[in-house]
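Chain by chain, the residues run as shown.
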Amino acid sequence: MKSEVRLLAAFLFAGLWTGEKSFAEESAPLSEESETCLGCHAALNPGIVADWKKSLHARITPGEAVKKDRLERRISVEKVPDDLANVVVGCAECHNLNPERHRDTFEHADSKVHVVVTPSDCATCHSAEASQYDQNLMSHAHVNLRKNPVYHGLVDSVNGVQSFDDMKTSLQRPDAETHADSCFYCHGTAIEVKGTKVRETSLGEMAFPILSGWPNQGVGRLNPDGSMGACTACHTRHRFSIEMARKPFTCSECHTGPDVPAYKVYAVSKHGNIFSSVGDEWSFNAVPWVIGRDFTGPTCATCHVSLIITEDGEAVAERTHRMNDRLPWRIFGLIYAHPHPTSADTTVIRNKAGLALPTELTGEPVTEFLIDAKAQGNRRTAMQNVCLACHSRGWVDGQFARFDNTIKTTNQMTLAATRILITAWEKGAAKGLAQNESIFDEAIEKKWVEQWLFFANSTRFASAMFGADYGVFANGRWYLSKNIQEMADWLRFKLEKVRDETKE
Amino acid sequence: MKSEVRLLAAFLFAGLWTGEKSFAEESAPLSEESETCLGCHAALNPGIVADWKKSLHARITPGEAVKKDRLERRISVEKVPDDLANVVVGCAECHNLNPERHRDTFEHADSKVHVVVTPSDCATCHSAEASQYDQNLMSHAHVNLRKNPVYHGLVDSVNGVQSFDDMKTSLQRPDAETHADSCFYCHGTAIEVKGTKVRETSLGEMAFPILSGWPNQGVGRLNPDGSMGACTACHTRHRFSIEMARKPFTCSECHTGPDVPAYKVYAVSKHGNIFSSVGDEWSFNAVPWVIGRDFTGPTCATCHVSLIITEDGEAVAERTHRMNDRLPWRIFGLIYAHPHPTSADTTVIRNKAGLALPTELTGEPVTEFLIDAKAQGNRRTAMQNVCLACHSRGWVDGQFARFDNTIKTTNQMTLAATRILITAWEKGAAKGLAQNESIFDEAIEKKWVEQWLFFANSTRFASAMFGADYGVFANGRWYLSKNIQEMADWLRFKLEKVRDETKE
Amino acid sequence: MKSEVRLLAAFLFAGLWTGEKSFAEESAPLSEESETCLGCHAALNPGIVADWKKSLHARITPGEAVKKDRLERRISVEKVPDDLANVVVGCAECHNLNPERHRDTFEHADSKVHVVVTPSDCATCHSAEASQYDQNLMSHAHVNLRKNPVYHGLVDSVNGVQSFDDMKTSLQRPDAETHADSCFYCHGTAIEVKGTKVRETSLGEMAFPILSGWPNQGVGRLNPDGSMGACTACHTRHRFSIEMARKPFTCSECHTGPDVPAYKVYAVSKHGNIFSSVGDEWSFNAVPWVIGRDFTGPTCATCHVSLIITEDGEAVAERTHRMNDRLPWRIFGLIYAHPHPTSADTTVIRNKAGLALPTELTGEPVTEFLIDAKAQGNRRTAMQNVCLACHSRGWVDGQFARFDNTIKTTNQMTLAATRILITAWEKGAAKGLAQNESIFDEAIEKKWVEQWLFFANSTRFASAMFGADYGVFANGRWYLSKNIQEMADWLRFKLEKVRDETKE
């Protein structure tokens, strides 16, 4: 059937594709393979195709793109493969790439097509970004969650279905769909080929791979070619624009909840206010991105990712997809804030108690797995260079001193809650490590989790990015202080009860 | 005084109305009646008039509008009444319509004017939309809340003022203003004429009707002409634009809170990210609305309401104001998710326990009042047709399988909480159905309500529309799991207390 | 070193400053002093300079600005000082102003420069705004919090680090950095000169003042020249635009949290919907601001601050920086809603119990310190004039009646919670006023605080500005009613425990 499909597609392409002239005639050259794809998919999925037509991928060939000056270049290889150099980046240029590596490759319209385009595919042109991203904590978001027994215990306690019988609750192991819908939506699923399915289509029967964990665009997705991550988490399909990745809405998809309220904090910060008020005057597509000319306030990307230069052409910050290059502290996700881990694979960490945690349960950092003060200093300097483009040294120093203090005090407030919980375990009011039980499943343990995962995190984000309310009444210090009182109150009730029962 | 008012208005109109030439001279023909209105109100309420002047109502006559092609038409009658055909839709064309049906009609400047313009008035030109809306759950939002004893018990427990004396709380019946300010702000108030009031105005004494429940634009408003609903809930006065109704901010007015976080979920979804990032390039006023040309990502209206076509002119989805036409499941507002009810009037439903609920208290659906699997399939297909315009079949099937699973697991998590509550009732720790008491007024009952009304709903919206955090830490599975532990914890405390007291 | 710095700066200015012609040549005249500043700072802080170049300050001289018609004027002095009249408002025109009053003045490049520009500096041209602002509660936000023992007790209980030992929690006094990062971020810090620091710069060693509480732009900041407030809280540096101050994002910086959710309520209100949907068509820079021409829906500034006129030139509302001029009620921050205080300095208030509170603990207003019914009426009228530009009298009256009722019922719901707390104190379940202990530090007291500070406030904002969900399930009446039940539940548990212990 193959060649017929191809012929039919070519026919459809010529006649139906939005009624326009052949794409190749009017603009950049399209490969024959991509022309085949569009022959059907322009009609089947018009939204995707319209989006792609607006992309740079559809308007410039890699061969031209590679000739740009260093600062203007959006691709990082020195030379693009010959067969890709002189056609625009159409469907086939990505979905037909590296077929042998992709376990999701299938025969489709005479081509070997794969569903899941991966960082390894994108690395064909964007090699530096892909290799930086590979060292980014985010690319390990699936693995670090799935293979760390401590974190995974938290995941199971959240995602498992509970039931209640005979005055007791019980917890089922979570199913794969719930995982994919919950934590792994952002952390990334494991995409595996589970077989093949034949489906009736408008062109007759066709076979497609059955994929588990699909759809997903989580940042640490395990891909069918063995790579980790999804560039589309931020560079939204099928425009893949730098504009969208630079706007804060992209980050908001995963960085909004009480555990990591970065977007909410930004939105109410002075920086967010500037973006919301006058950001529509800015240029989000310019490469390089020029302070003062292209924008007059930062978005997430400005401080954490982008290549930023002055109007004189001086680089204020280099582009990085290892997104903690400008971050001395890791302020969320773990029980205590601590210096960033040296390796993006955090499953190798062990504290003195043998847990895969970067600090002890009482807060002391496990220094051999974490960056040292010098590395922290380098990262702080990299971030401050961005700050100094708009702020004086005194302003910046004052801000960082305040933030360092907040790291200290929020860790202390977490320690107070931890001591209450440890006391509860010791005195039999709850069952934890000593009893070889989950440390996340009881009511008091869940209150403890909120102390660090919601309230300490929120307070730290507010401090880092000046989102005032989030450090006070919006999941900030108000809750840090209230939660300790409620935990202590509960423990006293409970222990009096235990004491009463002992007396009887 | 009548004719003097009219003369004076005409005089004011000619001279004062923003200093421009008479409206009729420069643009579309305005009726004499509307000219009279504007004579005073252009100066009295300049904001409304400016808004209306930007509306299509002010720029095209129904007679012209009715001649458009089927896909381009914004009005659905085949023929407009002769007296309305050749003037633009000004003040009088709506406020003076159907005076005999309107109990709020009053004599004003020689005309019979009514305050509250209703879906029955709008139906003069927009008949299909009005009759679809009449079958929409939303038009019954007032009635379904007010006349269902179960729901109304919830309303009273929320809106009533409480007091505390002698270690006991007591609950007053809520007053009408509180109802109007609270639940019925969105559900719609009952607008009733309570008399007439004479007021001194700039043109001397004038009489106006006294309306209870006014102002209000709730979706299920009971109108003085006997109709239900308010088109202005979404088509904001006095521009009545399709643009505003298509933007998600409109929906956010009532679909933001923890009970129905649709807007919040959308805002952090990939779809919302696309809208926020590049939506300013889209055309929100185009009819029909063309995928790829007018927009490249969905808003609420795209998936739930709008007529969507491809650039080839093929309809992907038909316009509907029966807003669950593309929804197989009803995922919020009730204790368990269930197939949509067959009738928009849900007060007729009775479960086996005799309650006006679409499921038993333990979750089994009351099938005779709900759509069957085939109807669910049709609605699913209608929605999936929209999805497929941008996504492959495999993507869409994967997404829906995940959503169906989330419906199942969130119902199970609600069942666990319900079993705790039933146990509390059975063992005397709280008073509920068996004691013929409210099931919403005690602390433990309110925690149970949050299980379904906040946490299960939120998790389902997150699953339906990929708003990751809202299915995990932002009122999602984290709270579903924590709430069960806290309810069980409370119950064990309480029952030990009961036991202690029994022993004494 | 001085003159060398100046020479070098002049050299840099000519050559480097964005490679353009001298600013003075191409546009408005720049002072020699500001030219010196830009010589270095255009390269050092390009973001600030770019922002300033877009400001009106950089494009018009005060001498020209003062000649505008009354309604168009943005400055309020009758005559500007001669030395400022004929140059644009550059760096030096603000940072070198009033050197003798500023304790933060230091020698820098041959000039006496100060870091912190204050309302007293701005008053040089904007005298009316500065003196109105001085009578605004906001300018007293620091003092009213710091010097009121009741409020300060709340601040300490939120900001202090807690620890847990021997079954007891203890509270440290908060450090200055935490205060600055928390409550005083919005309320404003006290900026004090703590010494001088010599720093190596690109131009050699230079001395700078060491400032405590810096950076900060809180509305009630205590400045080194003795003034209170920060114009930059709303008029963002260094564009100082009226556009940003008029957009709601500015207000969101401090009015978002659960204690004062004004922005959130606005965002989901019909008004916010209009702004979000069509606000990009409006003119935010026009002075005066014309209803219907420049905008067709209100932002925060429209109702509370701005000079608003009709197209006929009639003033609907006068500009005011005493931001409660149109507000009869003070609806947040205190235990009960009450008429606004007569003086912006609220530390002078004493209720019958001797507490610095505008009501008794049981809600009765301390009338001698509050505006009377007539003053309330004037403020209500001032606000209603704005409403009436777009709404009929019946609509507006209905809305205000509903709001007044909500003030009454939310106060009643706070009273119920207060009675529970008073009972707890009386019966020894908690320690409060009678025991001379904090009324904010125990778990039950923190629940009481949430009753008024979060839930009653939120309900009132929702009522005032029609943000439906915030009056019901989003921190509204649902929580008001649930919290009372939980407090009563806790108290009954606790007292049974006390009783049991007494029996033993």
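Above this text you will find the structure in question.
Here goes a summary of the coordinates provided. None of the values given here were measured: they were computed from a predicted structure. (Residues numbered from 1 in each chain as written. Chains lettered and ligands numbered in written order. Predicted model: local features only at pLDDT ≥ 70, side-chain atom pairs only at ≥ 80, totals over all residues. Heavy atoms only, no water.)

1. Considering the overall build of chain A
In plain terms, the rule: A run of H or I in DSSP counts as a helix once it spans at least four residues, and a run of E counts as a strand once it spans at least two, with each numbered from the N terminus. Exposed residues in this analysis have more than 50% of their type's maximum accessible area, buried residues have under 20%, and partly exposed residues fall in between, with area computed by a 1.4 Å probe over protein chains only. Contacts are residue-level and defined by heavy atoms, with any inter-residue pair within 4.5 Å sufficient. Each accessible area value is a Shrake-Rupley result obtained with a 1.4 Å probe; residue values ignore everything except the protein chains displayed when judging cover.
For chain A, the helix and strand inventory stands at 22 helices and 11 strands. Dimensions along the principal axes, computed over C-alpha positions, put chain A at roughly 90 × 60 × 40 Å. Taking all 504 residues of chain A together, 62% fall into the buried category. Partitioning the contacts of chain A with sequence separation of at least 6, the portion at a separation of at least 24 is 58%. Total accessible area on chain A stands at roughly 19300 Å², and carbon and sulfur atoms take up 55% of it.

2. Remarks on the sheet that holds strand 8 (residues 308-309) of chain C
All names here are of chain C. The condition is simple: Pairing between strands is defined by DSSP: at least two bridges between the two strands are required.
Taken together, three strands build an open sheet; the order of strands is 7-8-9 and the sheet is mixed. Sheet topology places strand 7 (289-290) and strand 9 (315-317) at the edges, where each strand pairs with a single neighbour. Pairing geometry for strand 7 and strand 8, over two bridges, is parallel. Bridging across to strand 8, Val290 finds its partner in Ile309.

3. Details of the relation of the copies chain C and chain B
To keep things clear, this is the line we draw: In this comparison the copies share one frame, found by least squares on the C-alpha atoms of residues holding pLDDT of at least 70 in both.
With an RMSD of 0.0 Å, chain C superimposes on chain B once it is rotated by 120 degrees and translated 0.0 Å along the axis. Such a turn and shift between the copies fits a three-fold axis. With a heterologous cut-off of 20% or less, the 3% of interface residues of chain C that recur at the interface of chain B puts this contact in the heterologous class.

4. Some points on the nonpolar core
The nonpolar side chains of a soluble globular protein tend to be buried, and buried together. Operational definition: The set of buried Ala, Val, Leu, Ile, Met, Phe, Trp, Tyr and Cys residues whose side-chain atoms join them within 4.5 Å is what this entry labels a nonpolar core.
Grouped together as the largest cluster of nonpolar side chains are 147 residues, with contacts concentrated most on Trp448(A), Leu491(A), Trp448(B), Leu491(B), Trp448(C) and Leu491(C). Not counting residues up to four positions away in its chain, the partners in contact with Leu491(C) are Phe164(B), Met167(B), Ile420(C), Thr423(C), Ala424(C) and Ala429(C). One finds Phe249(A), Trp282(A), Phe403(A) and Met244(C) within the second-largest nonpolar core, a separate group that totals 38 residues.

5. Some words on the sheet that holds strand 9 (residues 315-317) of chain A
If you walk across this open sheet you meet the three strands as 7-8-9 (chain A), and the pairing is mixed. What marks the edges here is a single partner per strand, and that holds for strand 7 (289-290) and strand 9 of chain A.

6. Quick notes on unusual backbone geometry
Residues and elements named next belong to chain B. A cis geometry characterises the amide bond from Arg237 onward to His238, with omega recorded as -10 degrees. Note that His238 resides in the loop between strand 6 (204-212) and helix 14 (242-246). Here the phi dihedral of Met167 falls at roughly 65 degrees; this positive angle occurs in a residue that is not glycine.

7. A short note on the state of the cysteines
All names here are of chain A. Operational definition: Note that a disulfide, as used here, is simply two cysteine sulfur atoms within 2.5 Å.
Under the counting rule described, the total for this entry stands at three disulfides over all chains. Note that Cys186 is cross-linked by a disulfide to Cys254, the S-S spacing being 2.3 Å. Handedness here is read from the sign of the S-S torsion; for Cys186 and Cys254, about -95 degrees, the answer is left-handed. Of this pair, Cys186 sits in helix 13 (residues 183-187) while Cys254 is found in the loop between helix 15 (248-252) and helix 16 (262-268), placing the two residues 68 residues apart along the sequence. You can call Cys186 buried: its relative accessible area is 11%. Cys254 gets classed as partly exposed once you look at its relative accessible area, which sits at 21%.

8. Things to note about the interface of chain C and chain B
As a reminder, the rule being used: Computed with a 1.4 Å rolling probe, the buried area is the accessible surface lost when two parts are put together, summed over both parts. We define a salt bridge as a contact between a side-chain nitrogen of Lys or Arg and a carboxyl oxygen of Asp or Glu at a distance within 4 Å. Residues are grouped as follows: nonpolar covers Ala, Val, Leu, Ile, Met, Phe, Trp, Tyr, Cys and Pro; charged covers Asp, Glu, Lys and Arg; every other residue, Gly included, is treated as polar.
Counting from both sides, the interface comprises 64 residues of chain C and, opposite them, 72 residues of chain B. Between chain C and chain B, a total of about 5900 Å² is buried, with carbon and sulfur atoms accounting for 56% of that surface. Linking chain C to chain B there are five salt bridges. Lys270(C) serves as the salt-bridge partner of Glu253(B), at 3.0 Å between the closest nitrogen and oxygen. Of all elements in the fold, only helix 16 (262-268), helix 17 (270-278), helix 20 (393-426) and helix 22 (477-503) of chain C reach the threshold of two or more residues within the side of chain C that touches chain B. With 19 residues, the top contributor of residues to the side of chain C that touches chain B is helix 22 of chain C. Tallied by class, residues from the side of chain C that touches chain B come to 25 nonpolar, 21 polar and 18 charged.

9. Digging into the side chain of Asp259(A)
The condition that has to hold: Positive charges come from Lys and Arg alone, negative charges from Asp and Glu alone, with His and the N- and C-terminal ends not counted.
Locating Asp259(A) in the fold gives a position in the loop between helix 15 and helix 16. One buried charged residue, Asp259(A), remains without a salt bridge, the closest side chain of opposite sign being Lys264(A) at 8.6 Å. In contact with Asp259(A), other than residues within four places in its own chain, are Phe332(A), Leu453(A), Phe454(A), Asn457(A), Phe461(A), Asp469(B) and Phe473(B).

10. Digging into the interface of chain A and chain C
Rules: Polar contacts, as used here, are pairs of N or O atoms within 3.5 Å; protein pairs need one atom able to donate a hydrogen and one able to accept it. Residues neighboring in sequence count only if both atoms are side-chain atoms.
Listed as interface residues are 65 residues of chain A and, on the opposing side, 72 residues of chain C. Counting the surface lost from both chain A and chain C, the interface buries some 5900 Å², and carbon and sulfur atoms represent 56% of this. Its largest share of buried area at the contact with chain C, chain A owes to Trp395(A), Arg402(A) and Trp478(A), together 14% of the area lost on that side. Put simply, chain A and chain C have 30 residue pairs in polar contact (both at pLDDT 80 or more) between them. Of all the secondary structure elements, the ones that give two or more residues to the side of chain A that touches chain C are helix 16, helix 17 (270-278), helix 20 (393-426) and helix 22 (477-503) of chain A. With 19 residues, helix 22 of chain A is the single largest residue contributor to the side of chain A that touches chain C. Per-class residue counts for the side of chain A that touches chain C are 25 nonpolar, 21 polar and 19 charged.

11. Examining the relation of the copies chain A and chain C
The relation between the two chain copies is a rotation about an axis coupled with a shift along that axis. When chain A is fitted to chain C, the residual RMSD is 0.0 Å, and the transformation amounts to a turn of 120 degrees plus an axial shift of 0.0 Å. Taken together, the interface assignments show that only 3% of the residues at the interface of chain A recur at the interface of chain C, consistent with different surfaces on the two copies.

12. Focus on the pattern of salt bridges
Pairing is possible between side chains of opposite charge, provided their charged atoms come close. All told, the structure shown has 60 salt bridges over all chains when counted by the stated rule. Here Glu177(B) makes a salt bridge to Arg402(C), at a shortest N to O gap of 3.4 Å. Here Arg402(C) lies in helix 20 and Glu177(B) lies in helix 12 (residues 176-181), a pairing that spans two chains. One continuous salt-bridge network, built from bridges that share partners, spans Lys447(A), Lys482(A), Glu486(A) and Glu450(C).

13. Focus on the packing of helix 3 (residues 32-44) of chain A against helix 4 (residues 46-53) of chain A
Residue and element names in this part refer to chain A. Rules: Convention adopted: a line fitted to C-alpha atoms gives each axis, helices being fitted over their contacting stretch, and angles between N-to-C directions are expressed from 0 to 180 degrees. When an angle is under 35 degrees it counts as roughly parallel; over 145 it counts as roughly antiparallel; between 65 and 115 it counts as roughly perpendicular; any other value is oblique.
Relative orientation of the contacting elements helix 3 and helix 4 amounts to 115 degrees, with a least axis distance of 5 Å. The pairing of helix 3 with helix 4 is recorded here as roughly perpendicular in orientation. Of helix 4, the residues touching helix 3 (which contributes Leu38, His41, Ala42, Ala43 and Leu44) are Pro46, Val49 and Trp52. Considering only residue class, the contact of helix 3 with helix 4 consists of seven nonpolar, one polar and no charged.

14. A short note on the pairing of strand 3 (residues 162-165) of chain C
All names here are of chain C. Of the two faces of strand 3, only the one carrying Gln162 and Phe164 is buried; Ser163 and Asp165 on the other face are not. Where strand 3 meets strand 4 (residues 168-171), four bridges bridge the pair, whose relative direction is antiparallel. Bridging from a neighbouring strand, Asp165 pairs with Lys168 of strand 4. Where strand 3 hands over to strand 4, the hairpin turn is made up of two residues, of which Asp166 adopts a positive phi near 55 degrees.

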